[in-house]
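Structure at a glance
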Amino acid sequence: MSTATLSRRPLRRFWGWGLADEALGDDERRLVQGLLAQLPGGVADAVAEPRVEDFALPPPRVPRPEALAHCVSGLAHDRLSHAYGKSYADLARMLMRHVPHAPDWVAYPADEDELIRVLEWAGREQLAVVPYGGGSSVVGGVEPDVGDGWRGSVTVDLERFDRVRQVDPTSRSALIDAGCYGPDLEAQLRPHGLTLRHYPQSFRFSTLGGWIATRAGGHYATQATRIDAFVQATRLVTPAGVVQKRRLPGSGAGPSVDGLVLGSEGSFGIVTQAWMRLQPRPRYRASAAVRFAALAPAVAAVRAIAQSGLQPANCRLLDSAEVAFAGVGDRRSPTLVLGFESADHPLQAWMARALELVADHGGRFDADAVQRSMAPADSAEAAEHRQGAAGQWRDAFLRMPYWRDEAARHGVILDTFETAITWDRFDAFYAAVREEVGDAIRRVTGHPMPVSCRFTHVYPDGPALYFTVVAATGTQAGPAGAWARWREIKAACNAAVVRHGGTSTHHHAVGRDHRRAYEAEVPALLRAALAAAKAQFDPQGLMNPGVLLEPQGRPVGIRGGTLG
Ligand SMILES: Cc1cc2nc3c(=O)[nH]c(=O)nc-3n(C[C@H](O)[C@H](O)[C@H](O)COP(=O)(O)OP(=O)(O)OC[C@H]3O[C@@H](n4cnc5c(N)ncnc54)[C@H](O)[C@@H]3O)c2cc1C
């Protein structure tokens, strides 16, 4: 297979999750096959893994300047690996060998000067510019589906912006390049005894710049739930100039500059680096897995914890469909995975009070296991504890993207969507969304399937809900049939969350796939104000056309279904 590339990172699988040479272990393959065998209607034989040779990309529509030839690639592997993000729909279209919008060129600038020269070239030649971090977008955020108003497209990959440049131990912050992947960033902070501790599920293959551009959600279930909390100052390179925010612990000087950069999804400019707030590495931990007889008391317990001020680091409630799907505990009882961590103090008192709250609502837990979780991390007790329900859930969580890719090869849709709602509306919202999405699955596949849910983050005023959809499409549909069915199911998900008052996205971002729902959620006057800001940063509208906002003068339109 042709793997020539200008990228300097270990070779990724261009069509799916993971590195090119990673494969499922035998046990995992058996596990996935076992799950697929239980699906109603049967599943198709696996489609072969795509190879670069399977795709006939048209040549770039515009030549690249000689002066940028060393960092701008037209190689097939580079163009294919930047054609999509990592959503189920992206995977399905790769399996179909259907890539109508590969970027004409992929740029890997080494520094800001080179990046500015790429933007100038794009401006001169009328190329749409797609910023790219780890490419783990699940909302069409990096797909160069930019409409017909452009002579071509260039994706700008930040992989060479990969260093922690400065550490300020006094203020406990660091200046970090935007293209750092999660593990690289943490490895460079470790010698300083510091950590960012922002762990999205995509941590291994996503970047600081991508987290900032999408306002990513990390593993903290309360308080610092998303990357915003750790941003001290951003630096944004736009076609109109550079915006460098001043480093401050806080400021009331007008609307927040970082607030405009956070969540801008590459449509204003490119984040090249940011000063980030850090933390010492945690020394104390405590965790518990709490089982409930039903969901209602579990939700009441989580609300009590969220409103108690205890601020657990982990507070994931899994409904009964989710525990069955992830193979956690007895695979039936709604389960709360609860955890505290601190660099400063033991956590007995916090955990004890949280367990009182869960016990008030009928939650059951293994007190000995909780005790073991507080043992030093390198002890046998802690190792044993990690095998328990919390550990099972974490392992399943990290391997899920690999399982999804395997299931998709058999025509099985495995997708997630996320939202948030206030506590007062939770019961009705949860029931309505599951019912409507479940109806859509039954309608398009002919079989009922449970829609599972967990809380990823909890606030004093409500939870963030994360739903998983599994839908078998039978033995004949293949990736094309599965993709067509996915579009109908996805439209139903978007419609349900917005119709019942939730947000179009809690942390996955708007991208191209959530734009219709975003427009239903956010008032037109506010969107017009954002479009006016974009016109200042990006007068020609080069930056990521079609993501978040409709570009002025060169309409892209909204893809996907209606909101019903
Ligand atoms: C398996 C899996 C698990 C995931 N888990 C989580 C999770 O736990 N929490 C969560 O929040 N999300 C999650 N996501 C979604 C995704 O990982 C996040 O949106 C992440 O923040 C994207 O980072 P990235 O570096 O991969 O950005 P990309 O996918 O490369 O880009 C995302 C968007 O940001 C823009 N962008 C990227 N870099 C820059 C930059 N430097 N400057 C300006 N714009 C830029 C892009 O143009 C695009 O619009 C998951 C995705 C997958 C596939």
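This write-up is about the structure you can find in this document.

With that settled, consider the packing of helix α8 (residues 295-306) against helix α10 (residues 348-360). Running from amino to carboxyl end, α8 crosses α10 at an angle of 150 degrees, the nearest separation of the two axes being 8 Å. Here α8 runs over α10; the crossing is right-handed. Contacts between α8 and α10 involve Ala301, Ala304 and Ile305 on the former and, on the latter, Ala354, Leu357 and Val358. Per-class residue counts for the contact of α8 with α10 are six nonpolar, no polar and no charged.

What follows deals with helix α15 (residues 478-499). Because an α-helix completes one turn every 3.6 residues, residues spaced three or four positions apart along the sequence face the same direction. For α15, which comprises 22 residues, the first-to-last C-alpha distance of 32 Å matches the rise-based estimate of 32 Å (1.5 Å per residue) to within 8%. Most of α15 is tucked away, with 16 of its 22 residues classed as buried. Where α15 ends, the next residue or the one after it, glycine 501, has phi of about 95 degrees, a positive value.

What follows is about the pattern of salt bridges. Taken as a whole and judged by the stated rule, the model has 31 salt bridges. Here aspartate 54 ties to arginine 97 by a salt bridge, and the two come within 3.1 Å at their closest N and O atoms. Highlighted residues: aspartate 54 in the loop between α1 (26-37) and β1 (72-73) and arginine 97 in the loop between α3 (88-95) and β2 (105-107), separated in sequence by 43 residues. Residue class for aspartate 54 comes out partly exposed when judged on its relative accessible area of 25%. The partly exposed category is assigned to arginine 97, whose relative accessible area is 25%. Note that arginine 93 is salt-bridged to aspartate 90, the shortest N-O span being 2.8 Å. Of this pair, arginine 93 and aspartate 90 are both found in helix α3, three residues apart, which corresponds to roughly one turn of the helix. With a relative accessible area of 2%, aspartate 90 lands in the buried category.

Applying the stated criterion across every chain, the model contains twelve aromatic pairs. Look at tyrosine 88 and tryptophan 486: their rings are 6.5 Å apart centre to centre, the planes differ by 40 degrees, and that puts the pair in the tilted class. Of this pair, tyrosine 88 sits in helix α3 while tryptophan 486 sits in helix α15, and the two are 398 residues apart along the sequence. With relative accessibility at 1%, the residue tyrosine 88 sits in the buried group. Centre to centre, the rings of phenylalanine 268 and phenylalanine 537 are 5.1 Å apart; their planes meet at 40 degrees, and the pair counts as tilted. Of this pair, phenylalanine 268 sits in the loop between α7 (257-261) and β10 (270-277) while phenylalanine 537 sits in helix α17 (residues 524-537), placing them 269 residues apart in sequence. The class of phenylalanine 268 is buried, set by a relative accessible area of 2%. A residue is classified by how much of its surface remains accessible, and phenylalanine 537, at 17% relative accessible area, is buried. Note that arginine 9 overlies the ring of tyrosine 181, its terminal NZ or CZ placed 3.6 Å from the centroid.

Turning to the state of the cysteines, a few remarks are in order. Scanning the entire structure with this criterion turns up zero disulfides. Free cysteine: cysteine 71, not disulfide-bonded; nearest cysteine sulfur from cysteine 180 at 19 Å. Since its relative accessible area comes to 0%, cysteine 71 is described here as buried. We classify cysteine 180 as buried; its relative accessible area is 0%.

How each quantity is defined
- Residues numbered from 1 in each chain as written.
- Predicted model: local features only at pLDDT ≥ 70, side-chain atom pairs only at ≥ 80, totals over all residues.
- Heavy atoms only, no water.
- Axes fitted to C-alpha atoms, helices over the stretch in contact; angles between N-to-C directions.
- Helix = DSSP H or I, 4+ residues; strand = E, 2+ residues; numbered from the N terminus.
- Left-handed = near helix turned anticlockwise from the far one by under 90°.
- Contact = heavy atoms within 4.5 Å.
- Nonpolar A, V, L, I, M, F, W, Y, C, P; charged D, E, K, R; others polar.
- Expected span 1.5 Å × (residues − 1).
- Buried < 20%, exposed > 50% of the residue type's maximum accessible area, 1.4 Å probe, protein only.
- Salt bridge = Lys/Arg side-chain N within 4 Å of Asp/Glu carboxyl O.
- Phe/Tyr/Trp six-rings, centres within 6.5 Å; stacked < 30°, edge-to-face > 60°.
- Lys NZ or Arg CZ within 6 Å of the ring centre and 35° of its normal.
- Disulfide = S-S within 2.5 Å.

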